[in-house]
Amino acid sequence: MIKRKVIIDCDPGIDDALAILLALKSNKLDVQGITIVSGNVPACQGAKNVLKILNLLNRLDIPVYIGEEYPLVRELVTAEDTHGKDGLGETFLPDISNTNIFYNAVDFIIKTIKKGDKISIIALGPLTNLAKAIKKDAFTLNKVEEIISMGGSFKSHGNCSPVAEFNYWVDPHAAKYVYDNINSPITMVNLDVTREIILTPNYIELLSQFNTSLSKFIVDITKFYVDFHWRQERTLGCVINDPLAVAYFIDNSICSGFYSHIDIVTDGIAMGQSIVDVANFYGYKSNSYVLNKVDNHKFMEYFFTCLFPEFKEDINLIL
Ligand code: BDR
Ligand code: CA
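About the cut-offs
Residues numbered from 1 in each chain as written. Chains lettered and ligands numbered in written order. Predicted model: local features only at pLDDT ≥ 70, side-chain atom pairs only at ≥ 80, totals over all residues. Heavy atoms only, no water. Pairing = 2+ DSSP bridges. Helix = DSSP H or I, 4+ residues; strand = E, 2+ residues; numbered from the N terminus. Contact = heavy atoms within 4.5 Å. Axes fitted to C-alpha atoms, helices over the stretch in contact; angles between N-to-C directions. Donors = N, O, S within 2.8 Å, 3.2 Å for Na, K, Ca; no water. Buried < 20%, exposed > 50% of the residue type's maximum accessible area, 1.4 Å probe, protein only.

1. Things to note about the sheet that holds strand β2 (residues 29–36)
- In spatial order, the strands read β4-β3-β2-β1-β5-β6-β7-β13-β10; together these 9 strands make up an open sheet with mixed pairing. The two strands at the open ends of the sheet, each matched to only one other strand, are β4 (102–103) and β10 (255–260).
- Across 2 bridges, strand β3 (residues 64–66) lies against β4 in parallel orientation. Across the sheet, the residue bridging to Y65 is F102, located in β4.
- Most of the contacts of helix α4 (residues 105–114) go to β2, to which it runs at about 155 degrees, and overall it touches β1 (4–10), β2, β3, β4 and β5 (119–123).

Next comes the structure, spelled out in C-alpha coordinates:
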(Lines give C-alpha, C1' and ligand atoms only; values in the text may rest on other atoms or scores of the structure.)
(Ligands and ions follow the chains in the order given, each with its own letter.)
Protein backbone atom coordinates (compact mmCIF):
# COMPACT_ATOMS: atom_id res chain seq x y z
CA MET A 1 0.00 0.00 0.00
CA ILE A 2 1.28 3.46 -0.86
CA LYS A 3 1.50 5.69 2.17
CA ARG A 4 0.79 9.39 1.70
CA LYS A 5 3.74 11.59 2.63
CA VAL A 6 2.94 14.29 5.17
CA ILE A 7 4.53 16.88 7.39
CA ILE A 8 2.71 17.44 10.66
CA ASP A 9 2.96 21.03 11.86
CA CYS A 10 1.75 21.35 15.45
CA ASP A 11 1.86 22.93 18.92
CA PRO A 12 1.54 19.96 21.33
CA GLY A 13 -0.83 20.32 23.15
CA ILE A 14 -2.96 17.44 24.44
CA ASP A 15 -5.12 17.00 21.33
CA ASP A 16 -2.05 17.49 19.09
CA ALA A 17 -0.53 14.55 20.97
CA LEU A 18 -3.57 12.40 20.14
CA ALA A 19 -3.36 13.48 16.49
CA ILE A 20 0.32 12.54 16.28
CA LEU A 21 -0.39 9.14 17.85
CA LEU A 22 -3.14 8.55 15.30
CA ALA A 23 -0.94 9.57 12.37
CA LEU A 24 1.88 7.31 13.48
CA LYS A 25 -0.26 4.31 14.35
CA SER A 26 -2.17 4.43 11.07
CA ASN A 27 -0.53 2.51 8.26
CA LYS A 28 -1.67 5.13 5.74
CA LEU A 29 0.82 7.93 6.37
CA ASP A 30 4.52 8.38 5.86
CA VAL A 31 5.38 11.16 8.31
CA GLN A 32 8.41 12.96 6.89
CA GLY A 33 8.91 15.18 9.90
CA ILE A 34 7.13 17.04 12.66
CA THR A 35 7.48 20.80 12.75
CA ILE A 36 6.63 22.82 15.82
CA VAL A 37 5.09 26.24 16.18
CA SER A 38 4.35 28.25 19.32
CA GLY A 39 0.69 28.03 20.27
CA ASN A 40 -0.60 25.96 23.14
CA VAL A 41 2.93 26.15 24.58
CA PRO A 42 6.13 27.85 23.35
CA ALA A 43 7.71 25.96 20.44
CA CYS A 44 10.65 24.63 22.49
CA GLN A 45 8.25 22.99 24.98
CA GLY A 46 6.15 21.65 22.09
CA ALA A 47 9.27 20.00 20.65
CA LYS A 48 10.05 18.32 23.99
CA ASN A 49 6.50 17.01 24.06
CA VAL A 50 6.75 15.54 20.57
CA LEU A 51 9.84 13.61 21.61
CA LYS A 52 7.93 12.12 24.54
CA ILE A 53 5.21 10.97 22.12
CA LEU A 54 7.70 9.59 19.61
CA ASN A 55 9.54 7.80 22.39
CA LEU A 56 6.31 6.13 23.54
CA LEU A 57 5.83 4.69 20.05
CA ASN A 58 9.50 3.94 19.50
CA ARG A 59 9.57 6.37 16.56
CA LEU A 60 12.42 8.67 17.51
CA ASP A 61 13.62 8.19 13.92
CA ILE A 62 11.16 10.91 12.84
CA PRO A 63 12.89 14.29 12.73
CA VAL A 64 11.50 17.14 14.85
CA TYR A 65 12.05 20.76 13.83
CA ILE A 66 11.40 23.80 15.98
CA GLY A 67 9.80 26.58 14.00
CA GLU A 68 8.52 30.07 14.65
CA GLU A 69 8.52 31.09 18.28
CA TYR A 70 6.33 34.16 17.84
CA PRO A 71 3.29 35.04 15.72
CA LEU A 72 3.89 37.31 12.70
CA VAL A 73 2.58 40.47 14.38
CA ARG A 74 0.84 39.75 17.69
CA GLU A 75 2.46 38.98 21.01
CA LEU A 76 2.44 35.24 21.73
CA VAL A 77 -0.47 34.05 23.88
CA THR A 78 -0.22 30.42 25.01
CA ALA A 79 -2.84 28.08 26.51
CA GLU A 80 -1.34 26.44 29.58
CA ASP A 81 -4.71 26.94 31.30
CA THR A 82 -6.14 24.40 28.84
CA HIS A 83 -3.19 22.04 28.25
CA GLY A 84 -1.25 22.35 31.52
CA LYS A 85 2.10 23.99 32.32
CA ASP A 86 3.97 21.34 30.30
CA GLY A 87 1.38 21.21 27.49
CA LEU A 88 0.69 17.55 28.23
CA GLY A 89 -1.80 17.90 31.06
CA GLU A 90 0.86 18.41 33.76
CA THR A 91 2.00 14.83 33.50
CA PHE A 92 5.57 16.20 33.64
CA LEU A 93 7.01 13.14 31.92
CA PRO A 94 10.83 13.13 31.84
CA ASP A 95 12.47 14.85 28.87
CA ILE A 96 14.00 12.61 26.21
CA SER A 97 17.65 13.53 26.07
CA ASN A 98 19.28 11.10 23.64
CA THR A 99 17.76 12.63 20.50
CA ASN A 100 18.41 15.78 18.52
CA ILE A 101 15.85 18.46 17.99
CA PHE A 102 16.56 20.48 14.85
CA TYR A 103 15.89 24.14 14.17
CA ASN A 104 14.44 25.95 11.20
CA ALA A 105 11.17 24.23 10.48
CA VAL A 106 10.50 26.63 7.62
CA ASP A 107 13.57 25.50 5.68
CA PHE A 108 12.75 21.86 6.41
CA ILE A 109 9.25 22.32 4.96
CA ILE A 110 10.62 23.97 1.80
CA LYS A 111 13.42 21.43 1.38
CA THR A 112 11.05 18.47 1.81
CA ILE A 113 8.60 19.76 -0.81
CA LYS A 114 11.49 20.48 -3.19
CA LYS A 115 12.46 16.80 -3.20
CA GLY A 116 9.63 16.43 -5.71
CA ASP A 117 7.42 13.79 -4.06
CA LYS A 118 3.77 14.55 -3.40
CA ILE A 119 3.64 16.07 0.10
CA SER A 120 0.71 17.25 2.17
CA ILE A 121 0.78 19.33 5.33
CA ILE A 122 -1.47 18.72 8.30
CA ALA A 123 -1.40 21.90 10.39
CA LEU A 124 -2.67 21.54 13.94
CA GLY A 125 -1.55 24.86 15.41
CA PRO A 126 -1.28 28.53 14.47
CA LEU A 127 -0.24 28.92 10.82
CA THR A 128 2.96 30.91 11.50
CA ASN A 129 5.38 28.29 10.10
CA LEU A 130 3.32 27.91 6.92
CA ALA A 131 2.95 31.65 6.39
CA LYS A 132 6.71 32.10 6.80
CA ALA A 133 7.40 29.27 4.37
CA ILE A 134 5.06 30.82 1.77
CA LYS A 135 6.67 34.24 2.27
CA LYS A 136 10.08 32.65 1.69
CA ASP A 137 9.23 30.42 -1.28
CA ALA A 138 5.65 30.62 -2.53
CA PHE A 139 6.56 28.77 -5.73
CA THR A 140 7.62 25.68 -3.78
CA LEU A 141 4.77 25.86 -1.27
CA ASN A 142 2.28 25.91 -4.11
CA LYS A 143 3.43 22.41 -4.99
CA VAL A 144 1.97 21.03 -1.75
CA GLU A 145 -0.63 18.42 -2.61
CA GLU A 146 -3.06 19.36 0.13
CA ILE A 147 -3.15 21.46 3.31
CA ILE A 148 -5.37 20.41 6.17
CA SER A 149 -5.70 23.14 8.78
CA MET A 150 -7.40 22.62 12.11
CA GLY A 151 -8.70 26.07 12.89
CA GLY A 152 -11.45 28.62 12.46
CA SER A 153 -15.18 28.13 12.55
CA PHE A 154 -18.14 28.52 10.25
CA LYS A 155 -21.32 28.78 12.36
CA SER A 156 -20.00 27.60 15.68
CA HIS A 157 -19.01 30.15 18.32
CA GLY A 158 -15.34 30.71 19.06
CA ASN A 159 -13.24 29.27 21.86
CA CYS A 160 -11.08 32.37 22.44
CA SER A 161 -13.66 35.07 21.86
CA PRO A 162 -17.32 34.89 20.83
CA VAL A 163 -16.15 34.44 17.23
CA ALA A 164 -12.51 33.31 17.15
CA GLU A 165 -10.95 29.87 17.34
CA PHE A 166 -7.57 29.51 19.14
CA ASN A 167 -5.19 28.66 16.26
CA TYR A 168 -6.35 31.53 14.05
CA TRP A 169 -6.70 33.89 17.02
CA VAL A 170 -3.09 33.31 18.15
CA ASP A 171 -1.74 34.29 14.73
CA PRO A 172 -4.51 35.85 12.63
CA HIS A 173 -2.01 37.50 10.27
CA ALA A 174 -0.45 34.14 9.45
CA ALA A 175 -3.84 32.50 8.90
CA LYS A 176 -4.89 35.33 6.58
CA TYR A 177 -1.58 35.17 4.74
CA VAL A 178 -1.93 31.45 4.11
CA TYR A 179 -5.54 31.68 2.84
CA ASP A 180 -4.71 34.70 0.68
CA ASN A 181 -1.51 33.39 -0.86
CA ILE A 182 -1.64 29.67 -1.48
CA ASN A 183 -3.16 27.92 -4.49
CA SER A 184 -2.95 24.40 -3.06
CA PRO A 185 -6.33 23.25 -1.71
CA ILE A 186 -6.86 23.99 2.01
CA THR A 187 -9.40 22.16 4.08
CA MET A 188 -10.58 24.04 7.16
CA VAL A 189 -11.22 21.47 9.87
CA ASN A 190 -13.03 23.94 12.06
CA LEU A 191 -14.93 24.07 15.36
CA ASP A 192 -18.24 23.23 13.66
CA VAL A 193 -16.98 19.68 13.21
CA THR A 194 -14.34 19.31 15.92
CA ARG A 195 -16.79 20.28 18.69
CA GLU A 196 -18.64 17.05 17.88
CA ILE A 197 -15.58 14.98 18.74
CA ILE A 198 -15.81 14.45 22.47
CA LEU A 199 -13.77 11.91 24.34
CA THR A 200 -16.53 11.14 26.85
CA PRO A 201 -16.05 9.55 30.30
CA ASN A 202 -17.25 6.27 28.75
CA TYR A 203 -14.47 6.29 26.17
CA ILE A 204 -11.96 7.23 28.85
CA GLU A 205 -13.14 4.30 30.96
CA LEU A 206 -12.66 2.03 27.94
CA LEU A 207 -9.08 3.30 27.64
CA SER A 208 -8.50 2.61 31.34
CA GLN A 209 -9.74 -0.94 30.87
CA PHE A 210 -7.29 -1.50 27.98
CA ASN A 211 -4.55 -0.79 30.52
CA THR A 212 -1.65 -0.54 28.05
CA SER A 213 1.16 2.01 28.17
CA LEU A 214 -0.48 3.86 25.28
CA SER A 215 -3.97 3.89 26.81
CA LYS A 216 -2.55 4.95 30.18
CA PHE A 217 -0.69 7.80 28.49
CA ILE A 218 -3.93 9.03 26.90
CA VAL A 219 -5.88 8.77 30.15
CA ASP A 220 -3.10 10.63 32.00
CA ILE A 221 -2.70 13.52 29.55
CA THR A 222 -6.44 14.05 29.07
CA LYS A 223 -7.26 14.27 32.81
CA PHE A 224 -6.26 17.96 32.98
CA TYR A 225 -8.13 18.67 29.74
CA VAL A 226 -11.28 16.98 31.10
CA ASP A 227 -11.13 19.11 34.27
CA PHE A 228 -10.69 22.22 32.11
CA HIS A 229 -13.76 21.34 30.03
CA TRP A 230 -15.87 20.84 33.14
CA ARG A 231 -14.71 24.12 34.70
CA GLN A 232 -15.02 26.09 31.48
CA GLU A 233 -18.18 24.84 29.84
CA ARG A 234 -19.71 22.04 31.93
CA THR A 235 -18.83 19.43 29.30
CA LEU A 236 -18.18 15.92 30.59
CA GLY A 237 -15.08 14.63 28.83
CA CYS A 238 -13.01 16.71 26.42
CA VAL A 239 -13.22 17.98 22.86
CA ILE A 240 -10.35 16.53 20.86
CA ASN A 241 -9.99 18.78 17.83
CA ASP A 242 -6.69 17.87 16.21
CA PRO A 243 -7.08 14.10 15.62
CA LEU A 244 -10.12 14.83 13.45
CA ALA A 245 -7.80 16.63 10.98
CA VAL A 246 -5.62 13.51 10.70
CA ALA A 247 -8.59 11.13 10.47
CA TYR A 248 -10.26 13.25 7.79
CA PHE A 249 -7.04 13.38 5.77
CA ILE A 250 -6.87 9.59 5.87
CA ASP A 251 -10.58 8.99 5.27
CA ASN A 252 -12.47 11.86 3.62
CA SER A 253 -15.81 10.12 4.23
CA ILE A 254 -15.65 11.06 7.94
CA CYS A 255 -16.57 14.69 7.16
CA SER A 256 -18.15 16.67 4.39
CA GLY A 257 -18.35 20.35 3.59
CA PHE A 258 -18.42 22.92 0.82
CA TYR A 259 -16.04 25.11 -1.16
CA SER A 260 -15.99 28.77 -0.24
CA HIS A 261 -13.86 31.87 0.04
CA ILE A 262 -12.46 32.49 3.51
CA ASP A 263 -10.98 35.64 4.94
CA ILE A 264 -9.48 36.05 8.40
CA VAL A 265 -10.02 39.13 10.57
CA THR A 266 -6.63 40.38 11.80
CA ASP A 267 -7.59 42.98 14.39
CA GLY A 268 -10.39 44.55 16.39
CA ILE A 269 -13.21 42.88 18.23
CA ALA A 270 -13.45 39.94 15.79
CA MET A 271 -9.69 39.27 15.58
CA GLY A 272 -9.03 35.71 14.43
CA GLN A 273 -12.55 35.10 13.10
CA SER A 274 -12.78 33.11 9.88
CA ILE A 275 -15.32 34.82 7.62
CA VAL A 276 -16.80 32.18 5.35
CA ASP A 277 -18.50 33.73 2.31
CA VAL A 278 -20.99 30.89 2.03
CA ALA A 279 -23.39 32.81 -0.25
CA ASN A 280 -20.52 34.02 -2.44
CA PHE A 281 -21.43 37.60 -1.62
CA TYR A 282 -18.14 39.00 -2.91
CA GLY A 283 -17.88 36.67 -5.91
CA TYR A 284 -14.31 35.61 -5.07
CA LYS A 285 -12.91 32.29 -6.19
CA SER A 286 -13.11 29.74 -3.35
CA ASN A 287 -9.84 29.28 -1.47
CA SER A 288 -10.85 26.45 0.83
CA TYR A 289 -13.05 23.48 1.58
CA VAL A 290 -15.00 24.17 4.78
CA LEU A 291 -16.12 21.13 6.74
CA ASN A 292 -19.53 21.38 8.37
CA LYS A 293 -20.67 17.77 8.86
CA VAL A 294 -18.95 14.95 10.68
CA ASP A 295 -19.75 11.32 11.34
CA ASN A 296 -18.70 11.21 14.96
CA HIS A 297 -19.20 7.45 15.28
CA LYS A 298 -17.04 6.75 12.23
CA PHE A 299 -14.30 8.94 13.67
CA MET A 300 -14.39 7.19 17.07
CA GLU A 301 -14.33 3.77 15.45
CA TYR A 302 -11.32 4.74 13.38
CA PHE A 303 -9.56 6.44 16.29
CA PHE A 304 -9.92 3.48 18.65
CA THR A 305 -9.24 0.66 16.18
CA CYS A 306 -6.24 2.46 14.73
CA LEU A 307 -4.68 3.10 18.15
CA PHE A 308 -5.70 -0.22 19.69
CA PRO A 309 -6.12 -2.85 16.95
CA GLU A 310 -5.55 -5.58 19.55
CA PHE A 311 -8.89 -4.62 21.20
CA LYS A 312 -10.96 -4.58 18.02
CA GLU A 313 -13.66 -6.89 19.42
CA ASP A 314 -14.11 -4.87 22.62
CA ILE A 315 -14.23 -1.67 20.61
CA ASN A 316 -16.97 -3.08 18.37
CA LEU A 317 -18.90 -4.15 21.43
CA ILE A 318 -18.73 -0.79 23.20
CA LEU A 319 -18.94 1.56 20.21
C1 BDR B 1 -7.10 24.19 18.71
O2 BDR B 1 -6.51 24.99 19.72
C3 BDR B 1 -5.63 24.22 20.50
O4 BDR B 1 -5.81 24.47 21.85
C5 BDR B 1 -5.86 22.79 20.13
O6 BDR B 1 -4.63 22.08 20.16
C7 BDR B 1 -6.44 22.84 18.74
O8 BDR B 1 -5.43 22.80 17.76
C9 BDR B 1 -8.60 24.17 18.95
O10 BDR B 1 -9.12 25.45 18.92
CA1 CA C 1 -3.13 22.17 18.29
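2. Quick notes on the environment of L207
- Its place among the elements puts L207 in helix α10 (residues 201–210).
- Taking C-alpha positions, L207 is 45 Å from K285, a pair spaced 78 residues apart along the chain.
- When neighbours within four sequence positions are excluded, L207 is seen to be in contact with L199, S215, I218, V219, F304 and F308.

3. Overview of the coordination of the calcium ion (ligand 2)
- For the calcium ion (ligand 2), the protein coordination sphere consists of D11 (OD), D16 (OD), D16 (OD), L124 (O) and D242 (OD), at 2.3 to 2.6 Å.
- In primary-sequence terms, the residues that donate to the calcium ion (ligand 2) follow D-x4-D-x107-L-x117-D. Residue D11 is located in the loop between β1 and α1 (14–25), and its partner D242 is located in helix α12 (residues 242–250); the two are separated by 231 residues in the primary sequence. Here D11 matches D242 in class, with each residue buried.

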